[in-house]
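Structural description and commentary
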Amino acid sequence: MTQKDHKPENGLLISPIQNGTVIDHIKAGEALTVLRILGITGSTEESLSIATNVKSNLTLRPKDIVKISDRELSKEEVNKIALISPNATINIIRNYRVVEKVGVEIPDILTGVVKCPNPGCITNSNEPIESKFEVVDETLHCLYCDNIISSDIVDYII
Amino acid sequence: MHHIISIRDFERDEIDALITKAQKIQSLGSYKRTLSGKLVALLFFEPSTRTKMSFASALSRLGGDAITVDSVEGSSISKGETLADTIRVVSSYVDAIVLRHPKEGAARLASEFASVPVINAGDGAGQHPSQTLLDLYTIKENMPLDNIDVGLLGDLRYGRTAHSLSYALSNYDVRLHTIAPKGLEIPQWLSKELKDRGLDIIEHSSMDEIINELDVLYATRIQRERFPDSASYSRVAHSYRITPETLENVRKNLILLHPLPRAGEIDPGVDSLPYAKYFRQAENGIPIRMAMLEDVML
Ligand SMILES: [Zn+2]
């Protein structure tokens, strides 16, 4: 079933999904970055609904929402989101019901998510490896060259 | 399989074990040929004659044989083959690989693709664990690594020798005194990490402040290219130069270390003083590298 088969309900910006994942409370404006981190692009198969700068009644701050049909994200996948949106929540939907709701946590090791800022790092050459960072106190430590990223982490997301 | 990639991978007891092994090897009048029949690839993707000779000598004294590969025009290395592929292939020829490479993290990568142990002989501005181990070895040869004052002098911002040594020292009960020119101070992330690991770090802006209260003074190179003009370089270089006069009132047991080669940091007039241990330090590279080679292959 694709999104087209569902007419949005009154008052809803995007329609409910039957099965899949809803990522809620994404920092406003970061929805596309979230998709990029998850490796979901226009050419992948999932059907998507994206809402940005949604003003909800509960919180005054606007937020983004992403709905991905027929794909249940693993904890590992969603934890990458924590880098840019630590308050995001992940809802796994089966048959229109939320069967699981979890917050995101920054993982201990980030693989292939962040580009090492050190041009001399081996991960920035043509080698068959992915970047790998250890996360300690919101500081990223390159496991190859020992370089540190402590601010503007978003800028280094691949 | 056991690799030696970074001093950060070592627990204190592992460092101590390697140092003890090196002491045992050095105390023997003649070396046992423990690595007889073993073949080691010395893969040098950037020139470092001294490190290469030192590993070759260490290996040969233990009875092992070396295949030396330098990065030269026309070899597969310069034809754009990935390091990962080179390592996979070379792994099948030898019992261990000693790697020198211009890119930081190259040795870690090599250890992921090798089917034999990898020893890091320096990767770019990154790690050079055999240097750090021989530094510790030389300190230990002169005094216990316990309740001592160690001064690090020079370019502490970019100098990898200083970074690795200070990290290694955070395993011990040491007070670390840093003495660096403005702009070349130890990076904040590193000093924070070292403090979190329990190391006492005291920053100084001049050598006179602290030199008379040190047990170890470790001088490193200050490079010309870190300064905007040669006048400011000369000024700094002059005020960081160690001469017989600088050492007039130091502790009797002070040892003076330097990774060599030196530029102008230590006046040759110091060489004959009892504090000068930098040539001994270089000599200690052999037993430490012998211990490292044994450690990964036996
Ligand atoms: Zn790196």
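Quick note: structure is the one above.
Note that the structure is a prediction, hence the values are computed from the model and not measured. Residue positions are counted from 1 within each chain, in the order its sequence is given. Whichever chain is written first is A, and whichever ligand is written first is 1; the rest continue in order. Residue-level local features of this predicted model are given only where pLDDT is at least 70; pairs of side-chain atoms are given and counted only at 80 or more, and the full residue set underlies all totals for whole chains, interfaces and linings. Here the side-chain values reflect all heavy atoms present in the structure, with hydrogen atoms and water set aside.

Notes on the overall build of chain B
Looking only at helices and strands, one finds 10 helices and 9 strands in chain B. In this description the radius of gyration comes from C-alpha coordinates, and the expected globular size is given by 2.2 Å times residues to the power 0.38. Here the C-alpha atoms of chain B give a radius of gyration of 19 Å, agreeing with the 19 Å that 2.2 N^0.38 yields for 298 residues. With respect to the three principal axes, the spread of C-alpha positions in chain B is 55 × 45 × 40 Å. When each of the 298 residues of chain B is scored for burial, the buried share is 56%. The helix count covers DSSP runs of H or I at least four residues long, the strand count covers runs of E at least two residues long, and both are numbered beginning at the N terminus. Type-normalised accessible area, obtained with a 1.4 Å probe on protein chains alone, sets the label of each residue: buried when under 20%, exposed when over 50%, and partly exposed for intermediate values.

Overview of the interface of chain A and chain B
The criterion used for residue contact is that any of the two residues' heavy atoms lie within 4.5 Å. Taken together, the contacts link 18 residues of chain A with 17 residues of chain B. Within this document, salt bridges are pairs made up of a side-chain nitrogen of Lys or Arg and a carboxyl oxygen of Asp or Glu, the two lying within 4 Å of each other. With its nearest N and O atoms 3.7 Å apart, the salt bridge here joins Arg-8 of chain B to Asp-146 of chain A. Counting of polar contacts relies on pairs of N or O atoms within 3.5 Å, with two restrictions inside protein: one atom must be capable of donating a hydrogen and the other of accepting it, and residues adjacent in sequence are counted only when both atoms are side-chain atoms. The interface formed by chain A and chain B holds 8 residue pairs in polar contact (both at pLDDT 80 or more) in total. Residue polarity follows a fixed list, in which Ala, Val, Leu, Ile, Met, Phe, Trp, Tyr, Cys and Pro are nonpolar, Asp, Glu, Lys and Arg are charged, and the others, Gly among them, are polar. A breakdown of the residues in the side of chain A that touches chain B according to their chemical character gives 9 nonpolar, 5 polar and 4 charged.

As for the sheet that holds strand β2 (residues 65-70) of chain B
All names here are of chain B. Taken together, 4 strands build an open sheet; the order of strands is β2-β1-β3-β4 and the sheet is parallel. Looking at the sheet topology across the chains shown, the edges are occupied by β2 and β4 (118-123). Put simply, the sheet's adjacent strands are angled 15° from each other on average, direction ignored. When DSSP finds two or more bridges between two strands, those strands count as paired. Across 6 bridges, the pairing between strand β1 (residues 39-44) and β2 is parallel. Bridge pairing in β2 places Leu-42 opposite Thr-68. Fitted lines through C-alpha atoms give the axes, limited to the stretch in contact for helices. The angle between two N-to-C directions lies from 0 to 180 degrees. Docked against the sheet, helix α3 (residues 83-91) engages β1 and β3 (96-101), running at close to 155° with respect to β3. Sheet strands touched by helix α10 (residues 285-297): β1, β3 and β4. Its angle to β4, the strand with the most contacts, is close to 140°.

Overview of the sheet that holds strand β6 (residues 173-179) of chain B
By definition, the strands of a sheet pair up through backbone hydrogen bonds, in either a parallel or an antiparallel sense. Residues and elements named next belong to chain B. Read from one edge of the open sheet, 5 strands run β7-β6-β5-β8-β9, paired in parallel fashion. Each having just a single partner strand, β7 (200-204) and β9 (255-257) make up the two edges of the open sheet. Adjacent strand axes in the sheet meet at a mean angle of 20° when their direction is disregarded. In the sheet, strand β5 (residues 146-153) pairs with β6 via 7 bridges, with the strands oriented parallel. Residue pairing for β6: Leu-152 is matched across the bridge by Thr-178. In the packing of helix α5 (residues 129-142) onto the sheet, contacts are made with β5, β8 (216-219) and β9, and the angle to β9 comes to roughly 170°. Helix α6 (residues 160-169) contacts β5, β6 and β8 of the sheet and is inclined by roughly 165° relative to β5.

Concerning helix α2 (residues 49-61) of chain B
All names here are of chain B. A helix is expected to reach a length of 1.5 Å times the quantity of its residues less one. Taking 1.5 Å per residue as the helical rise, α2 with its 13 residues ought to reach 18 Å, and the 18 Å between its terminal C-alpha atoms agrees with that figure. By the burial criterion, the buried members of α2 are Thr-51, Lys-52, Ser-54, Phe-55, Ala-58 and Leu-59. Down the axis of α2, the sector holding all buried residues measures 165°, keeping them to one side. When the buried face of α2 is taken as reference, the exposed residues oriented beyond 90 degrees from it are Thr-49, Arg-50 and Met-53. On the buried face of α2, the contacting elements are β1, β2, β3, β4, α5 and α10. Just downstream of α2 lies Gly-63, where phi reads positive at about 90°. The arc in question is formed by the directions pointing from the helix axis toward the C-beta atoms.

Digging into the side chain of Asp-146 of chain A
With respect to the element layout, Asp-146 of chain A can be found in the loop between β8 (139-142) and β9 (148-149). Side-chain polar atoms of Asp-146 of chain A contact the side chain of His-141 of chain A, separated by 3.1 Å. If near-sequence neighbours (up to four positions away) are discounted, Asp-146 of chain A is found in contact with His-141 of chain A together with Ser-6, Arg-8, Gln-127 and Trp-189 of chain B.

Re the coordination of the zinc ion
Residue and element names in this part refer to chain A. Because water is not among the atoms used, a metal site may look incomplete, as its donors are only the N, O and S atoms within 2.8 Å, or 3.2 Å for Na, K and Ca. Listed as protein donors to the zinc ion are Cys-116 (SG), Cys-121 (SG), Cys-142 (SG) and Cys-145 (SG); their distances from the metal cover 2.3 Å. Classification of the site at the zinc ion rests on its 4 donor atoms, whose angles at the metal span 100 to 118°, yielding the label tetrahedral. For the zinc ion, the single-chain donor residues occur in sequence as C-x4-C-x20-C-x2-C. A residue pair is termed long-range when its members are at least 10 positions apart, and Cys-116 in the loop between β6 (109-111) and β7 (132-136) and Cys-142 in strand β8 qualify at 26 residues. The pair Cys-116 / Cys-142 is uniform in exposure class, with both members buried. Angular criteria define each label, namely tetrahedral for four donors with all angles between 85 and 135 degrees, square planar for four and octahedral for six donors with opposite donors over 155 degrees apart and remaining angles between 65 and 115, and irregular for whatever fails these tests.

Here's the deal with the nonpolar core
In this description, a nonpolar core means a group of buried Ala, Val, Leu, Ile, Met, Phe, Trp, Tyr and Cys residues linked to one another through side-chain atoms lying within 4.5 Å. The biggest cluster of nonpolar side chains holds 57 residues, and the ones touching the most others in it are Val-98 and Leu-293 of chain B. Looking at this core, the element that brings in the most residues is α10 of chain B, giving 8 residues. Note that the domain bounds reflect an automated or database-derived domain assignment. The residue makeup of this core includes at least three contributed by each of domain 1 (7-127 + 285-297) and domain 2 (129-282) of chain B. Not counting chain neighbours up to four residues away, the residues in contact with Leu-293 of chain B comprise Leu-35, Phe-55, Ala-58, Leu-59, Val-98 and Ile-119 of chain B. With 55 residues, the next largest nonpolar core counts Ala-82, Val-135 and Ile-153 of chain A together with Phe-113 of chain B among its residues.

Treat this as a map of the structure, not an account of what it does.
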